[in-house]
Amino acid sequence: MTQLGCQGCREGAEDFGLAMAFQPIVDVETGRAFAYEALVRGANGESAGEVLGRVTKANRYAFDQQCRVAAIEQAVAAGLLDNDARLSINFLPNAVYSPVACIQLTLKTARKTGLPIDRLIFEFTEGEEMVDTGHVASIIEAYQRLGFATALDDFGAGHAGLGLLARLQTDLVKLDMELIRGIDTSLPRRMIVEGVMRMMQGLDITVIAEGVETQAEFATLVRLGVRYQQGYLFARPELRTLPQIYMPAGSSAMAA
């Protein structure tokens, strides 16, 4: 089965013609990008929903591979090597049959573009329950051995919760925007995030808050100790471009 899956990765019939939009994950202590997340778009800027609507069980292997290549090539072309920020790439766990075999094109692309592999982060989320959590754990372990960082996206939403984290030890977790929205006026949200921060510190896992849109949310997260933040407050995704970062008024950090 592994052989068939890897052949599917190489020989997927459909060329998705992908473009990538990039959004910074900001280190709020420095005002600079900790990483840029690559967000899939169509060649002419079509939405992620339009692109993902063309992904099927038959072509998801090719789609996953093309996303990795497009993210690396377009980030480097946009100037990623001019700074020390990482590149965060979303991947589909169910499109990886053999972690080591299916990563070879990614490694080749990184070598070709001159991007050190320790600057790559692979983040995943599952909108539906995972078929084989053990398989996903094996992917994470293999990627960590190869020198990649891994991230669990949308933590606190759907199946991406404490039970999943107990089985899958990623290097980073990204707090779901539902936990962030209005956190400045919501005691339950603040208490949940405060508790998550304590847990992650004990597990040596880095926390990223995503979906930060207001200065009040930003300030509250800073008080809770969330150093890495992502959202429209800092920058909107830009197609094939690494956006300039806006730091809120009153922040001690300087904009990048």
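Criteria and cut-off values
- Residues numbered from 1 in each chain as written.
- Predicted model: local features only at pLDDT ≥ 70, side-chain atom pairs only at ≥ 80, totals over all residues.
- Heavy atoms only, no water.
- Helix = DSSP H or I, 4+ residues; strand = E, 2+ residues; numbered from the N terminus.
- Expected span 1.5 Å × (residues − 1).
- Buried < 20%, exposed > 50% of the residue type's maximum accessible area, 1.4 Å probe, protein only.
- Phe/Tyr/Trp six-rings, centres within 6.5 Å; stacked < 30°, edge-to-face > 60°.
- Axes fitted to C-alpha atoms, helices over the stretch in contact; angles between N-to-C directions.
- Parallel < 35°, antiparallel > 145°, perpendicular 65-115°, else oblique.
- Left-handed = near helix turned anticlockwise from the far one by under 90°.
- Contact = heavy atoms within 4.5 Å.
- Nonpolar A, V, L, I, M, F, W, Y, C, P; charged D, E, K, R; others polar.
- Core = buried A, V, L, I, M, F, W, Y, C linked by side-chain atoms within 4.5 Å.
- Salt bridge = Lys/Arg side-chain N within 4 Å of Asp/Glu carboxyl O.

Undergrad: How do you make sense of helix α3 (residues 60-77) when you look at a structure like this?
TA: Helical periodicity: at 3.6 residues per turn, an α-helix aligns residues three or four positions apart in one direction. Compared with an ideal rise of 1.5 Å per residue, which puts 18 residues at 26 Å, α3 spans 25 Å between its outermost C-alpha atoms and is within 8% of the ideal. When you tally the buried positions in α3, you get 14 out of 18 residues, the bulk of the element. G79, located one to two residues past α3, shows a positive phi value of around 110°.

Undergrad: Just checking my understanding: could you explain the packing of aromatic side chains for this structure?
TA: Aromatic rings considered in pairs are described by the distance between their centres and by the relative angle of their planes. Enumeration over the complete set of coordinates arrives at 10 aromatic pairs. Each ring, one from F34 and one from Y228, has its centre 4.5 Å from the other, and the planes form 40°; the classification is tilted. In this pair, F34 sits in strand β2 (residues 32-41) while Y228 sits in strand β8 (residues 228-230), placing the two residues 194 residues apart along the sequence. Each member of the pair, F34 as well as Y228, carries the same accessibility label: buried.

Undergrad: Would you explain unusual backbone geometry in this entry?
TA: Trans peptide bonds make up the majority, and among non-glycine residues the majority have a negative phi. Located in the positive-phi region is D154, a residue other than glycine, with phi close to 55°. Summarising the element assignment, D154 is placed in strand β5 (residues 149-155). One non-glycine residue, R240, adopts positive backbone phi at about 55°. Inspection of the secondary structure puts R240 in the segment after β9 (238-239). Of the residues examined, R240 reaches a relative accessible area of 41% and is grouped as partly exposed.

Undergrad: Teacher, can you tell me more about the packing of α3 against helix α5 (residues 104-113) here?
TA: For any two helices packed against each other, one specifies the inter-axial angle together with the distance between the axes. Orientation of α3 relative to α5, taken along the N-to-C sense of each, is 10°, at an axis distance of 9 Å. Considering the angle they form, α3 stands roughly parallel to α5. Crossing handedness for the pair α3 and α5: right-handed. Between α3 and α5, the contacting residues are Q65, R68, V69, I72, E73 and V76 on the first element and L105, T106, T109, A110, K112 and T113 on the second. Its residues placed into classes, the contact of α3 with α5 shows five nonpolar, four polar and three charged.

Undergrad: Would you explain the nonpolar core in this entry?
TA: A general tendency of soluble globular proteins is for nonpolar side chains to be buried together. Core analysis: the biggest nonpolar cluster contains 63 residues, and L87 and F234 have the highest contact counts within it. Sorting elements by how many residues they give to this core places α3 first, with seven residues. Counting nine residues, the second largest nonpolar core, distinct from the first, contains A35, I121, A151 and Y228.

Undergrad: Before we go on, may I ask you to explain the pattern of salt bridges in this structure?
TA: Close approach of charged atoms lets side chains of opposite charge pair. In total, this model carries 11 salt bridges according to the counting rule given. Across the salt bridge formed by E29 and R227, the nearest N and O atoms sit 3.5 Å from each other. One end of the pair, E29, is in the loop between β1 (19-27) and β2; the other, R227, is in the loop between α10 (215-223) and β8, and 198 residues separate them in sequence. The salt bridge involving R68 is made with D64; its shortest N-O contact spans 2.9 Å. With a gap of four residues between them, R68 and D64 both fall in helix α3, about one helical turn apart. When sorted by exposure, R68 lands in the same class as D64, which is buried.

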